[in-house]
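# Summary of the model geometry
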Amino acid sequence: MAAAELERLRMAGAGMAIAVLTSGGDAQGMNAAVRAVTRMGIYVGAKVFLIYEGYEGLVEGGDNIKQANWLSVSNIIQLGGTVIGSARCKAFTTRAGRLRAARNLVEHGITNLCVIGGDGSLTGADIFRSEWAGLLDELVRDGQISEEVARQNCRLNIVGLVGSIDNDFCGTDMTIGTDSALHRIMEVIDAITTTAQSHQRTFVLEVMGRHCGYLALVSGLASGADWLFIPESPPEDGWEDLMCERLGETRSRGSRLNIIIIAEGAIDRSGKPISSNYVKDLVVQRLGFDTRVTVLGHVQRGGTPSAFDRVLSSKMGMEAVMALLEATPDTPACVVSLSGNQSVRLPLMECVQVTKDVQKAMDEKRFEEAIQLRGGSFENNWNIYKLLAHQKPAQEKSPFSLAILNVGAPAAGMNAAVRSAVRISICQGHTIYVVSDGFEGLATGQIREVGWHDVAGWLGRGGSMLGTKRTLPKTCMEKIVENVRKFNIQGLLVIGGFEAYEGVLQLVEARGQYEELCIVMCVIPATISNNVPGTDFSLGSDTAVNAAMESCDRIKQSASGTKRRVFIVETMGGYCGYLSTVTGIAVGADAAYVYEDPFTIHDLKANVEHLTDKMKTDIQRGLVLRNEKCHEHYTTEFLYNLYSSEGKGIFDCRINVLGHLQQGGAPTPFDRNYGTKLGVKAVLWMSEKLQQVYSKGRVFANSGDSACVIGLRKKVVAFSPVTELKKVTDFEHRLPQEQWWLNLRLMLKMLANYQISLTEYISGQMEHVTRRTLSIEKGF
Ligand code: ADP
């Protein structure tokens with residue numbers, strides 16, 4: 001969209017009134033959405049109203065509809081649930097109720113409504129909109145409003161944001177609350193596994209999802225479950241025998257525990273519910289295993305929202321206001337959804353229709369179609385689960401040997417990637433070696449063959465089980481070559497950060513000198529800095545953002561009894577400002593200084609003034625993030641001194657250097673799942689490449705495309721040759737030359753109340769929901 005057009009929109013908000021409500025089941029992240037809608041609304045000059053208690057408040061009116069100001073939504077981003085309340089409202093399902101609701105909106109001149117809720121709430125909103133003209137006519141007839149008022153309010157614009165922990169809404173990659181629910185499930189699984197392992201137990205965990213198995217599926221993948229029950233894919237008849245056989249096998253391979261995950265809506269092929277107790281009794285009767293059932297229930301809705309949900313909701317909230325600003329009489333009610341890392345708009349009722357189609361497909365026992373309709377990502381997750389949990393080790397050996405190593409600093413998810421890569425290699429019949437201490441270990445011969453069980457329990461472990469070092473191959477090339485020859489390594493899977501990529505590049509560049517290096521190589525980016533070229537996300541960065549966010553939440557809270565305090569928090573990331581920026585959005589920071597977005601003393605001055613002004617309000621607290629290498633001279637110490645001095649008598653200052661806690665902790669569900677998938681995809685790709693370059697009993701790979709970085713770009717898994725990536729890398733600062741997340745900085749600044757220009761805002765386009773977009777775009 002042209003710059004002038006966006007500036008026009010900035011003005012267009014003046015005179016507009018927007019109301020926001022949350023409805024249906026609550027979900028973590030709803031507050032961040034309410035905050036973003038409110039602030040973006042105010043930012044564009046609109047009046048914003050908060051409607052309390054969902055549709056109930058809309059129908060009742062009165063004190064339930066309150067105009068908001070900038071501070072009304074302060075300090076809520078970290079809270080679970082919804083601070084404006086949610087309800088299920090019978091009255092709104094009737095025309096009489098909606099008539100009252102219309103009367104209440106008209107009274108405040110509100111003709112823009114943002115509804116945050118599930119498909120029920122959004123359907124209600126669409127009905128409301130389609131009836132609007134009729135409702136106003138009726139109000140005029142009844143003498144409740146004048147014709148003039150009806151004319152002024154003749155059009156109701158609706159935008160929906162999907163808040164649902166089940167991720168059961170078609171058209172968006174993720175709904176608000178799903179990632180946080182997965183966090184809760186994973187915390188419980190981690191807690192249960194420690195005790196189950198001690199006692200050699202089997203546990204059956206029931207998670208939410210009456211109609212949608214997403215939570216069960218992803219938690220199954222992220223915990224390495226032995227068996228999964230989801231409504232979209234009931235098990236084949238005779239599953240009882242198969243399941244018991246599988247559980248018995250995992251035990252006989254040395255596993256001390258079995259995990260079975262069951263969605264609450266699990267059914268068998270005839271549509272009969274499968275209950276967690278039925279599964280438990282089966283395991284006890286047939287196998288005699290000590291088995292316990294845990295039903296998770298509302299725990300899944302609880303707790304603080306994850307970083308992903310806070311950022312997602314902020315992005316969606318901002319886009320919702322843009323959608324309302326741009327609405328014309330012809331635009332249908334839309335939902336803001338997520339496609340890759342971009343917000344898009346989709347016609348609300350088309351999405352509701354596809355969502356209903358999935359249910360219909362399940363009701364009519366067209367199960368394969370149901371999985372497809374859920375989207376490519378769902379299908380892909382399901383296929384990977386089946387590969388890992390249901391495939392047996394190959395009976396015949398392949399001619400190939402692969403080695404896996406970790407390079408650089410530890411990052412969460414590395415172990416998940418090693419585990420799935422090892423297991424999938426074994427399924428393919430390859431000989432599989434793991435190397436300790438990165439390239440140094442490869443040079444010194446710290447190489448050992450591993451089997452299926454050697455990586456048991458690695459999925460949820462933080463750090464690097466293999467041991468990792470930063471040494472680059474250049475320093476020990478001869479010895480590396482010697483070991484590659486000695487162990488006959490034909491494929492090298494390097495999991496790590498910038499050094500992993502740089503190291504593989506060095507090996508490729510040495511191919512001319514050493515024929516032994518003409519092997520297939522793949523890098524799985526794993527670093528908290530998220531600075532590896534060739535991917536939008538590195539393994540470990542989600543865990544790091546969550547760790548940094550949790551610390552900042554605590555830091556902020558520590559000041560709740562202390563007036564007028566500003567915290568300067570230093571984050572890791574090298575020159576890459578990803579961690580700082582995303583953490584900043586997730587905690588509602590006042591600023592996040594990064595290397596990629598250069599700043600001067602004028603910016604620092606503006607920030608100090610901004611904080612001084614803020615201290616005059618009720619929110620007497622500030623949080624400023626600073627990436628460790630954002631500026632050579634404006635160090636953390638410098639900022640502290642500057643802010644302390646300038647703020648003297650107005651606020652005091654404290655420093656926090658987050659340091660290594662950002663690397664540690666248990667991996668988030670996203671990193672476990674992402675690591676698992678990248679491990680599988682990398683090995684499948686390597687196997688295919690090896691076949692291509694195998695001839696007369698040997699592997700010879702010397703083309704650029706035989707050494708790649710695997711990554712997620714938008715929604716697609718991409719393999720980029722390291723030799724190509726070299727052209728788009730800033731080696732001095734260890735950064736990709738282009739970084740997608742830089743456009744998030746605009747949002748950070750807007751939400752922190754800085755004057756920014758909307759000219760750089762990339763507005764989501766209206767798309768259509770088709771099966772094609774659903775399945776192809778959701779490719780990962
Ligand atoms: P969710 O939004 O989480 O799917 P529900 O289906 O319970 O939750 O819907 C929440 C509220 O939205 C309902 O209590 C009702 O007020 C309103 N609603 C749902 N469906 C409709 C409908 N078809 N027509 C009008 N209002 C509806």
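About the cut-offs
Along each chain, residues carry numbers from 1 onward, in the same order as the chain's sequence is written. For a predicted model such as this one, the threshold for reporting local features is a pLDDT of at least 70, and the threshold for listing and counting side-chain atom pairs is 80 or more; totals across whole chains, interfaces and linings nevertheless cover every residue. Note that water and hydrogens are dropped before the side-chain values are worked out from all heavy atoms of the structure. The axes used here are C-alpha line fits, helices contributing only the stretch in contact, and every angle between their N-to-C directions lies in the interval 0 to 180 degrees. Secondary structure elements are defined from DSSP: runs of H or I of at least 4 residues count as helices, runs of E of at least 2 residues count as strands, and each element is numbered from the N terminus. The cut-offs work like this: below 35 degrees is roughly parallel, past 145 is roughly antiparallel, 65 to 115 is roughly perpendicular, and the gaps in between are oblique. A clockwise turn of the near helix away from the far one marks a right-handed crossing, whereas an anticlockwise turn of less than a right angle marks a left-handed crossing. Pairs of residues are marked as contacts when any of their non-hydrogen atoms sit within 4.5 Å. N or O atoms closer than or at 3.5 Å make up a polar contact, with two conditions inside protein: a donor-capable atom paired with an acceptor-capable one, and, for residues adjacent in sequence, both atoms drawn from side chains. Between the rings of Phe, Tyr and Trp (Trp by its six-membered ring), a pair exists once the centres lie within 6.5 Å; its type follows the angle of the planes, with under 30 degrees stacked, over 60 edge-to-face, and the other angles tilted. Each residue is assigned to one of three classes by its accessible area relative to the maximum for its type, calculated with a 1.4 Å probe on protein chains only: buried under 20%, partly exposed between the two thresholds, exposed over 50%. Note on pairing: DSSP must find at least two bridges between two strands before they are called paired. UniProt positions are given in the numbering used here, feature names are shortened, and annotations may be inferred rather than shown by experiment. Definition of nonpolar core: a set of buried residues of the types Ala, Val, Leu, Ile, Met, Phe, Trp, Tyr and Cys, connected through side-chain atoms within 4.5 Å. The salt bridge definition used is simple: a Lys or Arg side-chain nitrogen within 4 Å of an Asp or Glu carboxyl oxygen.

## As for the packing of helix α7 (residues 178–199) against helix α8 (residues 214–223)
Across the interface, α7 lies against α8 with an axial gap of 10 Å and an inter-helix angle of 45°. Classified by the interaxial angle, the pair formed by α7 and α8 is oblique. The handedness of the crossing between α7 and α8 comes out as right-handed. Counting all contacts with α7, which are made through Thr178, Ala181, Leu182, Ile185, Met186 and Ile189, the residues of α8 involved are Tyr214, Leu215, Val218, Ser219, Ala222 and Ser223.

## Description of the environment of lysine 397
Looking at the element boundaries, lysine 397 is found in the loop between α14 (376–390) and β12 (401–407). Sequence-wise, lysine 397 and lysine 474 are 77 residues apart; in three dimensions their C-alpha atoms are separated by 33 Å. What lysine 397 contacts, discounting residues up to four positions off in sequence, is Gly429, His430, Thr431 and Glu449. For lysine 397, the side chain forms a polar contact with the side chain of threonine 431, separated by 3.4 Å.

## Remarks on the packing of aromatic side chains
Using the criterion set out here, one finds 23 aromatic pairs in the structure. Consider the rings of phenylalanine 599 and tyrosine 634, whose centres lie 6.1 Å apart with planes at 40°: the pair is tilted. With phenylalanine 599 in the loop between β18 (591–593) and α21 (601–615) and tyrosine 634 in the loop between β19 (621–627) and α22 (636–646), this pair connects stretches of sequence that are 35 residues apart. We classify phenylalanine 599 as buried; its relative accessible area is 8%. An aromatic cluster of three or more residues is present, and its members are Phe537, Tyr578, Phe670, Tyr674, Trp740 and Trp741.

## Some remarks on the pairing of strand β24 (residues 716–721)
With 6 bridges connecting them, strand β23 (residues 707–713) and β24 associate as antiparallel partners. Across the sheet, arginine 713 pairs through a bridge with valine 716, a residue of β24. The loop that links β23 with its antiparallel partner β24 comprises 2 residues; one of these, lysine 714, has a positive phi angle of about 55°.

## Here we look at the UniProt feature "active site" (unreviewed entry) in the chain
Residues given the UniProt feature "active site" (unreviewed entry) here are Asp166. With respect to the element layout, aspartate 166 can be found in the loop between β5 (157–162) and α7. Look at aspartate 166 and you get buried, because its relative accessible area is 16%. Residue contacts for aspartate 166: discarding those within four places in its chain leaves Thr178, Met208, Gly209, Cys212, Tyr214 and Leu215.

## Considerations on the UniProt feature "binding site: ATP" (unreviewed entry) in the chain
Following the UniProt record, one finds the feature "binding site: ATP" (unreviewed entry) at Gly25, Arg88, Cys89, Gly118, Asp119, Gly120 and Ser121. With the annotated positions falling across 97 residues, the maximum pairwise C-alpha distance of 14.3 Å places them together in a single cluster. Here arginine 88 lies in the loop between β3 (65–67) and α4 (95–107). For arginine 88, a relative accessible area of 66% gives the class exposed. Arginine 88 has contacts with Gly24, Gly25 and Glu56, leaving out every residue within four places of it along the chain. Its place among the elements puts glycine 118 in the loop between β4 (112–117) and α5 (119–141).

## Some points on the side chain of threonine 355
With respect to the helices and strands, threonine 355 occurs in helix α12 (residues 348–363). Among residues more than four places away in sequence, those in contact with threonine 355 are Asp119, Asp168, Phe169 and Cys170.

## Comments concerning the nonpolar core
Within the largest apolar cluster, 163 residues are counted, with the highest numbers of intra-cluster contacts made by Leu161, Leu205, Phe229, Met243 and Leu493. Ranked by the residues each element gives to this core, the list is headed by helix α11 (residues 307–326), at 11 residues. Discounting chain neighbours no more than four positions away, the residues touching leucine 493 are Ala403, Ile404, Leu405, Ala421, Cys522, Ile524, Ala682, Val683 and Met686. Leu21, Val106, Ile145 and Phe169 belong to the second largest nonpolar core, which has 39 residues in total.

## Notes on the pattern of salt bridges
A complete count under the given rule lists 37 salt bridges for this structure. Residues arginine 745 and aspartate 597 are paired through a salt bridge, measuring 2.7 Å at the closest nitrogen-oxygen approach. One end of the pair, arginine 745, is in helix α25 (residues 744–751); the other, aspartate 597, is in the loop between β18 and α21, with 148 residues separating them in the sequence. Using a relative accessible area of 22% as the deciding quantity, one classes aspartate 597 as partly exposed.

## Examining the sheet that holds strand β7 (residues 227–229)
With parallel pairing, the 4 strands of this open sheet are ordered in space as β7-β8-β6-β9. Either end of the sheet is taken by a strand with one partner, and the two such strands are β7 and β9 (291–295). Strand-to-strand twist across the sheet, computed as the mean angle between neighbouring axes with direction ignored, equals 15°. Relative to β9, helix α10 (residues 276–287) is tilted by about 170°, and along the sheet it contacts β6 (202–207), β7, β8 (258–263) and β9.

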